[in-house]
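Okay, here's what each chain looks like letter by letter:
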Amino acid sequence: MNWLDKITASHVRSLTPYESARRLFASSGHQSRVYLNANESPTADCFEIDSSHFNRYPDCQPSELISAYADYAELNPDQVIATRGADEGIELLIRAFCTPAKSKVLICTPTYGMYAISAQTFNVGIVDVELLPDFSLNLADIKQQVGNVNIVFLCSPNNPTGTLLNQSDIHEVLTAYKDSAIVVLDEAYIEFSARHNNANLLKQYSNLVILRTLSKAFGLAGIRCGFMLCSDAIHSVIMKVIAPYPISDPVAQIASTSLSEKGLAHMSARVDELNIELNKLKHALCEIDAVDVVGEQCGNFILFRSSLNQELMQFLVEQNVLIRNQSKQTNLNNCLRISAGTSSENDKVISLIQQFFIKHANSTQQKAN
Ligand SMILES: *Cc1c(COP(=O)(O)O)cnc(C)c1O
């Protein structure tokens, strides 16, 4: 073993880097590529930046930004923490509430990959209570883990199944863990299907943490800004582990602007547009015999199953259209995920998928003849 391997923490040595959509396919230098693989907004907005304070360190929690998000979420400012994306929120929770080599977190796969990755990075154990076949929570098995885990990660709408959790199931988990664990409700996609304001539940449950982000509906994945909504007791603990300057001044300015009245109206319009596009994608995929749409479409993406998933992915990559392979996830064998893009991007991916299956049907027929 060389010296670098020797000094690398043993739990880190065995890790492989998270295969983010961007690591698999870098975005630089490929203007012609269609990116439907990371649930990003297909369009970007314009912002003006004031650099007059760039010589100063920013506030740890820029007050204008915090009050803007608190207004949006209908909470008090002391219930809101701004983070470098929801991903940093996940990490801060694990660092604050788990002891390495001792504590465990509960996840419900198939779900967002970063809960497990962050836990592994800090040498924290993982208990996986798989979702039921209809992608709802296995409440009986989740309740059996009371006392065994410090954090329960729930995701609604869930990535990559696009399904919402039952409201009563969320209440049951919060109640079961009320004296023993943080229950994290990841609402990265909530703007696409807001049916309940779960921020209201913070009044009722002191163990609830809600994660939000500007990366999806707000179209700001590039600035890295997310929010943690929680009780003031949890707020105080997180403040012990957060970096002194997590939110840079330009990020705070852009994020605050996106939460202005005009920004919010713009976000709503984008959500309406993407929901129409998602419907279009769904109808087109439903028409193809060799494809089964899986889950629901409560986010900005659609999941489907095809036994030819590998060949289809390969074909789309050759045509410079990128979607995401989800077939390694629990119970999602042969599944691919498409993020809703612009109208023309979606038309392109639909027509390529149709072409692929027509070509394939023809070639199997030829073989049969
Ligand atoms: C995209 C995503 C995140 C990460 O959001 P960032 O704010 O960009 O870090 C968190 N949770 C889920 C479920 C996501 O899909």
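Refer to the structure presented above.
Now for a look at the structure at hand. (Residues numbered from 1 in each chain as written. Predicted model: local features only at pLDDT ≥ 70, side-chain atom pairs only at ≥ 80, totals over all residues. Heavy atoms only, no water.)

**Looking at the layout of surface pockets**
Quick reminder of the rule: Residues are said to line a cavity or pocket when one of their atoms sits within 4 Å of a point; the points come from a 1 Å grid over protein atoms alone, cavities being sets where a 1.4 Å probe fits but cannot get out and pockets being open sets with protein on both sides within 12 Å along at least five of seven lines. Grid points are joined across faces, edges and corners, and a volume is the space filled by probe spheres set on the points. Think of it this way: any DSSP run of H or I at least four residues long counts as a helix, any run of E at least two long counts as a strand, and we number them from the N terminus. Residues are sorted three ways: Asp, Glu, Lys and Arg are charged, Ala, Val, Leu, Ile, Met, Phe, Trp, Tyr, Cys and Pro are nonpolar, and all the rest, Gly among them, are polar.
Its volume calculated, the largest pocket comes out at about 1,400 Å³. Along the wall of the largest pocket there are 49 residues; nearest its centre are Tyr18, Glu19, Ser20, Ala21 and Arg324. Secondary structure elements with two or more residues in the lining of the largest pocket: helix H3 (21-24), helix H5 (85-97), helix H6 (114-121) and strand S12 (324-325). Within the lining of the largest pocket, the residues separate by chemical class into 20 nonpolar, 18 polar and 11 charged.

**Concerning the sheet that holds S12**
Strand pairing in a sheet relies on backbone hydrogen bonds. The paired strands run either parallel or antiparallel. As a reminder of what qualifies: For two strands to be treated as a pair, DSSP must find at least two bridges joining them. Here, residues are in contact when the closest pair of their heavy atoms is within 4.5 Å. Lines fitted to C-alpha atoms define the axes, with helix axes restricted to the stretch in contact, and inter-axis angles between N-to-C directions lie between 0 and 180 degrees.
One open sheet holds the four strands; their spatial order is S9-S10-S13-S12, and the pairing between them is antiparallel. One side of each edge strand has no neighbouring strand; the edge strands of this open sheet are strand S9 (292-294) and S12. Across two bridges, the pairing between S12 and strand S13 (residues 335-339) is antiparallel. Its bridge partner lying in S13, Asn325 is registered against Leu336. Those strands touched by helix H11 (residues 261-286) are S9, strand S10 (301-305) and S13, and its axis lies near 10° from that of S10.

**Remarks on the environment of Lys143**
Defined as follows: We call two N or O atoms a polar contact when they sit within 3.5 Å, provided that within protein one can donate a hydrogen and the other can accept it, with sequence-adjacent residues counted only if both atoms are side-chain atoms.
By the element assignment, Lys143 lies in helix H7 (residues 139-143). Note: C-alpha distance between Lys143 and Ala116 (27 residues apart in sequence) is 20 Å. In this structure Lys143 touches Glu172 and Ala176, once residues within four positions along its chain are discounted. In this structure the side chain of Lys143 is engaged in a polar contact, spanning 2.5 Å, whose partner is the side chain of Glu172.

**Considering the packing of aromatic side chains**
We count it as follows: Each Phe, Tyr or Trp ring (for Trp, its six-membered ring) is paired with any other whose centre lies within 6.5 Å, and the angle between the two planes then decides the class: stacked below 30 degrees, edge-to-face above 60, tilted in between. A simple rule labels every residue: compare its accessible area, found with a 1.4 Å probe on the protein chains alone, to the largest value its type can have, and call it buried under 20%, exposed over 50%, or partly exposed in between. Two conditions define a charge sitting above a ring: the NZ of Lys or the CZ of Arg must be within 6 Å of the ring centre, and it must be within 35 degrees of the ring normal.
With the rule as written, the count across this model stands at nine aromatic pairs. Summarising the aromatic geometry, the rings of Tyr69 and Tyr72 are spaced 5.2 Å apart at their centres and angled 75° between planes, so their arrangement reads as edge-to-face. Within this pair, Tyr69 and its partner Tyr72 are both found in helix H4 (residues 63-73), separated by three residues, close to a single helical turn. Overall, Tyr69 belongs to the buried group, its relative accessible area being 0%. Taken together, the ring pairs in this structure connect Tyr69, Tyr72, Phe218 and Phe227 into an aromatic cluster. In this structure, Arg337 packs its charged tip against the face of Phe301, placed 5.8 Å from the ring centre.

**Description of the pairing of strand S3 (residues 104-107)**
In plain terms, the rule: With the strands pointing away from the viewer, any crossover whose connection runs clockwise from the first strand over the helix to the second is right-handed.
Bridge analysis of S3 against strand S4 (residues 125-128) gives four bridges, and the strand direction is parallel. Across the sheet, Val105 pairs through a bridge with Ile126, a residue of S4. Regarding topology, H6 serves as the crossover connection from S3 to the parallel S4, and that connection is right-handed. Where S3 meets strand S5 (residues 151-155), two bridges bridge the pair, whose relative direction is parallel. Bridged to Leu106 within S5 is Val152.

**Thoughts on a nonpolar patch on the surface**
Stated formally: Patch members must show over 30% relative accessible area and no salt bridge, and they are joined within 9 Å when carrying like charges or within 5 Å when they are nonpolar side chains of Val, Leu, Ile, Met, Phe, Trp or Tyr. Computed with a 1.4 Å probe, the accessible areas rest on the Shrake-Rupley method; for each residue, only the protein chains presented here act as cover. By definition here, a salt bridge exists when the distance from a side-chain nitrogen of Lys or Arg to a carboxyl oxygen of Asp or Glu is within 4 Å.
A cluster of nonpolar side chains, contributed by Trp3, Leu4 and Ile7, occupies part of the molecular surface with about 390 Å² of accessible area. One can find Trp3 in helix H1 (residues 3-7). The exposure class assigned to Trp3 is exposed, which follows from its relative accessible area of 61%.

**So, the site of the ligand**
What counts, and what does not: Note on definitions. A residue lies near a molecule or strand when any single heavy atom of the residue is within 4 Å of it. Molecules are considered to sit inside a cavity or pocket once more than half of their atoms lie within 2 Å of its grid points.
The local shell around the ligand holds 13 residues, among which Ala86, Tyr189, Thr213, Ser215 and Lys216 are the closest. Within the side chain of Asn159, one N or O atom sits 2.9 Å away from an oxygen atom of the ligand. Contact between the ligand and Tyr189: an oxygen atom at 2.6 Å from a side-chain N or O atom of the residue. Bound to the protein, the ligand loses 94% of the 390 Å² it would expose on its own. More than half of the atoms belonging to the ligand lie within 2 Å of the grid points that define the largest pocket. At three residues, H5 tops the list of elements feeding residues into the shell around the ligand. Grouping the constituent residues of the shell around the ligand by class yields five nonpolar, four polar and four charged.

**Concerning unusual backbone geometry**
Between Ser156 and Pro157 the backbone carries a cis peptide bond, its omega angle lying at -5°. Position of Pro157 among the secondary structure elements: in the loop between S5 and helix H8 (167-176). With an omega of 15°, the peptide bond between Asn159 and Pro160 qualifies as cis. Phi angles above zero are rare outside glycine, and Asn331 is one such case at about 60°. As for its position among the elements, Asn331 is in the loop between S12 and S13. By relative accessible area, which is 46% here, Asn331 ends up partly exposed.

**Quick word on the environment of Leu4**
Inspection of the secondary structure assignment puts Leu4 in helix H1. According to the relative accessible area criterion, Leu4 is partly exposed, its value standing at 46%. For the pair Leu4 and Ala21, spaced 17 residues apart in the sequence, the C-alpha separation amounts to 28 Å.

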